[in-house]
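Residues per chain are reported as follows:
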Amino acid sequence: MTAQMKSATPPTSGKEAPAGSAAIEAVPLRRPGRLILCAALLFLLFFLVEGWATNPRMQWHTVGEFLFAPVVIEGLGTTLLLTVVAMLIGVVGGIVLAVLRMSDNTLLARISGLYIWVFRGTPLLVQLLFWYFLSAIVPRIGLGIPWGPTFVEFDTNLLITQLTAAFLGLGLHEAAYMGEIVRAGITSVDGGQTEAAHALGMTRRQTLRRIVLPQALRVITPPTGNQAISMLKTTSLVFAIAVPELLTSVQGIYSRTFQQVPLLTVACIWYLVATSVLNVGQYYLERRFTRGSLRDLPPTALQRLRAALATKQEPRT
């Protein structure tokens, strides 16, 4: 029993209670243990935050000094650029890989599966180093006829720079994961809709573009948002090839000042800010693509704030 009944009279379904009967008054069941646990957790949280904030070894003045330093802001810009470009490569490549994986052509399906197996099965850091040192095994990259004349030729060191190697390593690695995410979204759409589209005369490409993918986005969007947030943090691995992103910039500063913890705190603050913005974008994208599956969408934070303000402004009677 979660409530105690002071009267055994049955409810009257919103109508007035008949004469001589008392309305039911539900008394919530008290849970003192839950209140004690919440109070203990709040005290522990306050103790940890207060101890961390007042610790003189954190050197908060140093955090404030370097939080908006030009080299840190430039590193943050490089991190955001790597995230956007890598996710674009990953999403486009993932769609292509998913379509090939589900193709009736056995060779194309096997090639797609081989790509996913290789790029998901090897560490990302190894792939970044591989692209960076590609000139060691391929000194020059050219376009021409196989085993024949070469029409255009480039020096690999000039063609694949540090930033290009980071784009390739992050983007191609992400494409392998996005391929499986997109395939899961496509398979979630009822096959009868594809059959109906073919019966109307649509080609496979038209059916995929107009019928399947728009519905699959409802399933694809949440894990894609998670991958974007993960990619933002994964860009820190490009420090191995000396790309000046956020963490590399911070490391360059504390290698001279020997203030490791304050500078790492600066990096954490900017990572939290960037991931929070991505979280908000993911939330609104999910709301957009779930409009057809939910009758009433939950209110946003802005809508709840407006409703609360409107309630306070209503005159009391």
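Residues numbered from 1 in each chain as written. Predicted model: local features only at pLDDT ≥ 70, side-chain atom pairs only at ≥ 80, totals over all residues. Heavy atoms only, no water.

## Focus on the overall build of the chain
So, step 1. Counting its secondary structure elements, the chain contains 12 helices and 4 strands.
So, step 2. Evaluated residue by residue, the chain yields a buried proportion of 29% over its 317 residues.
So, step 3. At a minimum sequence separation of 6, the contacts of the chain that also span at least 24 residues come to 66%.
So, step 4. A total accessible area of about 21,200 Å² is found for the chain, and carbon and sulfur atoms account for 66% of it. (Helix = DSSP H or I, 4+ residues; strand = E, 2+ residues; numbered from the N terminus. Buried < 20%, exposed > 50% of the residue type's maximum accessible area, 1.4 Å probe, protein only. Contact = heavy atoms within 4.5 Å. Areas by Shrake-Rupley, 256 points an atom, 1.4 Å probe, with all protein chains shown as cover.)

## Quick look at the pairing of strand β4 (residues 150-155)
So, step 1. Inspection of the sheet shows strand β3 (residues 140-144) paired to β4 by 5 bridges, in the antiparallel sense. Bridge pairing in β4 links R140 to D155.
So, step 2. Taking the residues that link successive antiparallel strands as the turn, the β3-β4 hairpin has 5 residues, and the phi of W147 there is positive, at about 55 degrees. (Pairing = 2+ DSSP bridges.)

## A look at the packing of aromatic side chains
Centre distance and the angle of the planes are the two values used to describe a pair of aromatic rings.
So, step 1. Counting across every chain of the model gives 6 aromatic pairs.
So, step 2. Ring geometry for W52 against W60: centres 5.0 Å apart, planes inclined by 80 degrees, an arrangement best described as edge-to-face.
So, step 3. You can call W52 partly exposed: its relative accessible area is 47%.
So, step 4. Between Y283 and Y284 the ring centres are 5.3 Å apart and the planes differ by 80 degrees, which places this aromatic pair in the edge-to-face class.
So, step 5. Using a relative accessible area of 32% as the deciding quantity, one classes Y283 as partly exposed.
So, step 6. Note on Y284: relative accessible area 41%, which makes it partly exposed. (Phe/Tyr/Trp six-rings, centres within 6.5 Å; stacked < 30°, edge-to-face > 60°.)

## Quick look at the side chain of E245
So, step 1. On the secondary structure map, E245 appears in the loop between α9 (204-234) and α10 (246-257).
So, step 2. The charged side chain of E245 is buried without a salt bridge, its nearest counter-charge being K233 at 13 Å.
So, step 3. Among the polar contacts made by the side chain of E245, one reaches the main-chain amide nitrogen of L247 at a distance of 3.0 Å.
So, step 4. Not counting the four nearest positions on each side in its chain, E245 is found in contact with G75, T78, T79, L82, T235, S236, V238, F239 and Y271. (Lys, Arg positive; Asp, Glu negative; His and termini not counted. Salt bridge = Lys/Arg side-chain N within 4 Å of Asp/Glu carboxyl O. Polar contact = N/O pair within 3.5 Å; in protein donor to acceptor, adjacent residues only side chain to side chain.)

## A few points about the nonpolar core
Considering soluble globular proteins, one finds that nonpolar side chains tend to be buried as a cluster.
So, step 1. Counting 17 residues, the largest nonpolar core has L82, A166, L170, V238, I241 and V243 as the members making the most contacts within it.
So, step 2. Looking at this core, the elements that each hand over two or more residues are α3 (70-101), α5 (124-132), α7 (162-187) and α9.
So, step 3. If you tally residues by element for this core, the top one is α7, at 4 residues.
So, step 4. Ignoring sequence-local partners within four residues, the contact set of A166 consists of L82, L128, G171, V238, I241 and V243.
So, step 5. Counting 16 residues, the second-largest nonpolar core is a separate cluster that includes V63, F66, V72 and V266. (Core = buried A, V, L, I, M, F, W, Y, C linked by side-chain atoms within 4.5 Å.)

## Focus on the packing of α3 against α7
So, step 1. In the contact formed by α3 and α7, the axes pass within 6 Å of each other and the chain directions differ by 40 degrees. Between α3 and α7, the angle falls in the class oblique. Helix-helix and strand crossings are classified by hand; for α3 and α7 the assignment is right-handed.
So, step 2. Considered class by class, the residues forming the contact of α3 with α7 number 19 nonpolar, 5 polar and 4 charged. (Axes fitted to C-alpha atoms, helices over the stretch in contact; angles between N-to-C directions. Parallel < 35°, antiparallel > 145°, perpendicular 65-115°, else oblique. Left-handed = near helix turned anticlockwise from the far one by under 90°. Nonpolar A, V, L, I, M, F, W, Y, C, P; charged D, E, K, R; others polar.)

## Comments concerning the confidence of the model for the chain
So, step 1. For the chain, the average pLDDT comes to 85, and 88% of its residues sit at 70 or higher.
So, step 2. Note that pLDDT drops below 50 for residues 1-14; the model gives that stretch 25 contacts with residues more than four away or on any other chain. (pLDDT = per-residue confidence, 0-100.)

## Points about unusual backbone geometry
So, step 1. For Q59, which is not glycine, the phi torsion reads 50 degrees and is therefore positive.
So, step 2. Looking at where Q59 falls in the secondary structure, it is placed in the loop between α1 (32-53) and α2 (60-66).
So, step 3. Overall, the relative accessible area of 25% leaves Q59 in the partly exposed class.
So, step 4. You will see that A242, though not glycine, has its phi angle at about 60 degrees, which is positive.
So, step 5. Position of A242 relative to the elements: it lies in the loop between α9 and α10.

## Quick notes on α7
So, step 1. Taking 1.5 Å per residue as the helical rise, α7 with its 26 residues ought to reach 38 Å, and the 38 Å between its terminal C-alpha atoms agrees with that figure.
So, step 2. At A176, α7 is deflected by roughly 25 degrees, the largest bend along its length. (Expected span 1.5 Å × (residues − 1). Bend = angle between axes of the 7 residues up to and from the residue.)

## A word on a nonpolar patch on the surface
So, step 1. A cluster of nonpolar side chains, contributed by L143, I145, F151, V152, F154 and L159, occupies part of the molecular surface with about 590 Å² of accessible area.
So, step 2. Sort the elements by how many residues they give to the nonpolar patch and β4 lands first, with 3 residues.
So, step 3. Position of F151 relative to the elements: it lies in strand β4. (Patch = residues over 30% accessible without salt bridge, like charges linked within 9 Å, V, L, I, M, F, W, Y side chains within 5 Å.)

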